[in-house]
Amino acid sequence: MQASDTQPIAAIATAAGRGAVGIVRLSGRGLRPWAEHWLGRPLQPRHAHYLPFPAEDGQAIDHGLALFFPAPHSYTGEDVLELQAHGGPIVLQLLLARCLQSAAAPNPATGQPWLAQLRLAEPGEFTRRAFLNDKMDLAQAEAVADLIDASTESAARSASRSLSGAFSQAIAQLRERLIHLRMLVEATLDFPEEDVDFLEAADARGQLAGLQAQLRAIGQRARQGALLREGLHVVIAGQPNAGKSSLLNTLAGAELAIVTPIAGTTRDKVEQTIQIDGVPLHIIDTAGLRQTDDLVEQIGVQRAWQALEQAQVVLFLHDALQAHDPASQERDAAILAQLHARLRSAGAAAASDAPTPVTAPDGMAAVPIVHVWNKCDAASDFRAAQPDALVLSAKTGQGLDALRQRLLQLAGHETVAEDVFMARARHVQALAEVGEHLAQAQAQLDSPAPALDLLAEELRLAQLALNRITGEFGADDLLGVIFSRFCIGK
């Protein structure tokens, strides 16, 4: 714990802007004597006190509620004071400034400042202190931010479940089983005359198989939670007038993009997040891909290619009315060739920068491209050349359900169960590492002459990877990255 982690902190804990109620929150050791002196009355723990918040001249900045939570029975594990005032930005700024000013004033009994080190809180610092004071583990702390940022009802429920400790409990149960197996192996190393017979009698293989089955179940729930949190980035691409903007509008259920018969109407990318079965899909409509002398449209095409290089799924939209036009087919082929080249280049760059190999869902090495033929309402006898292509009408909605299901399939989505954990990419990666080490342990155990020291080492590495999820051995730099993304006052 750093010295700054012991200094008292203060911040506005409600969102910027006007509201009915705003909160100024303080946390630190020994807040009570200063707070009672400043507010002019005793503060009963966990009771709301209606009173004036006095300015330096004794006049009231505002009248509101003061709630005091003594350590360790508070959110941060320290003394916490919450001041609930009217939610005007100026009122809250005055109240926060007065807290800092009053805390720096001398204590009449000692002549020293009441709280000389009271300072403004950094983003996520209240939750960071809750973690450092063992009020929650790292997975629960991350769930606080995930609950705030949840974009769908399913994501909010999963984040709340992780915040309550469901994910952490599942990890703890897996860890306990892993530790027990490690103890057996370590005992065998201490008594080599027992060797493999001892492990056979203790059913080490059965225990390891049980561990792997439990890990798969947790991993599946975590992957679904990660999908609920991150969503899927889908980019719509194709020639001008293929119906890309119409498709975006139909999927979003709103007129987000301008639609006209004029080629090149869309000049810039238009983004919208929708949800299908609780899964957020970030849909991006792009400018039609073509050679043009229009400077503004050229910029739009360039931005379209940039969006495509970052896509997780590409919907390549074809015009069914142009299916038998050789010139249109030639343009589609040229765009596809360039798209494949750019996606391979972007994937190679991402893989070289990543600590682990970058792959698409289900082990696919490239971004999936879904061929979608639009305007089937005007070309009723149309048949797609690609066997896995989708045929639809953005105008009438025909075939859209099949597109939604294909997107969910590509995302690796399964029906959202009530026990899904809200998880992050680092959680999924850590669970994958645990699985790799358990697989190596299985290989050692199944070999004709098991190397028990290597078996013990693989189990130890599996536990270390598991510990990273809840922060049992979290590095300071990891904590800094996580909590810096929180909002101030949380």
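Structure: above.
Residues numbered from 1 in each chain as written. Predicted model: local features only at pLDDT ≥ 70, side-chain atom pairs only at ≥ 80, totals over all residues. Heavy atoms only, no water.

Next up on the list: the pattern of salt bridges. In this structure the tally under the stated criterion is 16 salt bridges. For Asp146, the salt bridge goes to Arg229, with nearest N and O atoms at 2.6 Å. Taken together, the positions of Asp146 in helix 4 (residues 138-149) and Arg229 in helix 8 (residues 204-230) put the pair 83 residues apart, joining distant regions of the chain. Measuring nitrogen to oxygen at the nearest pair gives 3.0 Å for the salt bridge that ties Asp319 to Lys375. Taken together, the residues span a long stretch of sequence, with Asp319 in strand 10 (residues 313-319) and Lys375 in the loop between strand 11 (369-374) and strand 12 (390-391) at a distance of 56 residues. Salt bridges here are not isolated pairs; linked through shared partners, they connect Glu142, Asp146, Arg229, Arg424 and Arg426. (Salt bridge = Lys/Arg side-chain N within 4 Å of Asp/Glu carboxyl O. Helix = DSSP H or I, 4+ residues; strand = E, 2+ residues; numbered from the N terminus.)

Put simply, side chains in a regular strand alternate between the two faces of the sheet. Burial runs high along strand 2 (residues 19-28): 7 of the 10 residues are buried. As judged from the 4 bridges shared by strand 1 (residues 9-12) and strand 2, these two strands associate in the antiparallel manner. When the sheet's bridge partners are listed, Ile9 is paired in strand 2 with Ser27. The hairpin formed by strand 1 and strand 2 contains 6 residues between the paired strands, and Gly17 there has a positive phi angle of roughly 110°. (Buried < 20%, exposed > 50% of the residue type's maximum accessible area, 1.4 Å probe, protein only. Pairing = 2+ DSSP bridges.)

Close contact between helix 4 and helix 14 (residues 452-470) brings their axes to 5 Å; oriented N to C, the two are set at 40°. In this view, helix 4 runs oblique relative to helix 14, as classed from their interaxial angle. In this structure, helix 4 uses Leu138, Ala139 and Glu142 to contact helix 14, whose residues at the interface are Arg468, Ile469 and Thr470. Among the residues forming the contact of helix 4 with helix 14, the class breakdown is 3 nonpolar, 1 polar and 2 charged. (Axes fitted to C-alpha atoms, helices over the stretch in contact; angles between N-to-C directions. Parallel < 35°, antiparallel > 145°, perpendicular 65-115°, else oblique. Contact = heavy atoms within 4.5 Å. Nonpolar A, V, L, I, M, F, W, Y, C, P; charged D, E, K, R; others polar.)

Let us look at the sheet that holds strand 4 (residues 60-69). Pairing is mixed across the open sheet formed by 6 strands, whose spatial order is 3-4-5-2-1-6. Whereas interior strands pair on both sides, the edge strands pair on one side only; in this sheet they are strand 3 (48-54) and strand 6 (119-120). Of the pairings in the sheet, the one linking strand 2 to strand 5 (residues 79-87) comprises 9 bridges and is antiparallel in character. Bridging from a neighbouring strand, Ile23 pairs with Gln84 of strand 5. Of the strands in this sheet, strand 2, strand 3, strand 4 and strand 5 touch helix 1 (residues 31-39), which is tilted by about 35° from strand 5.

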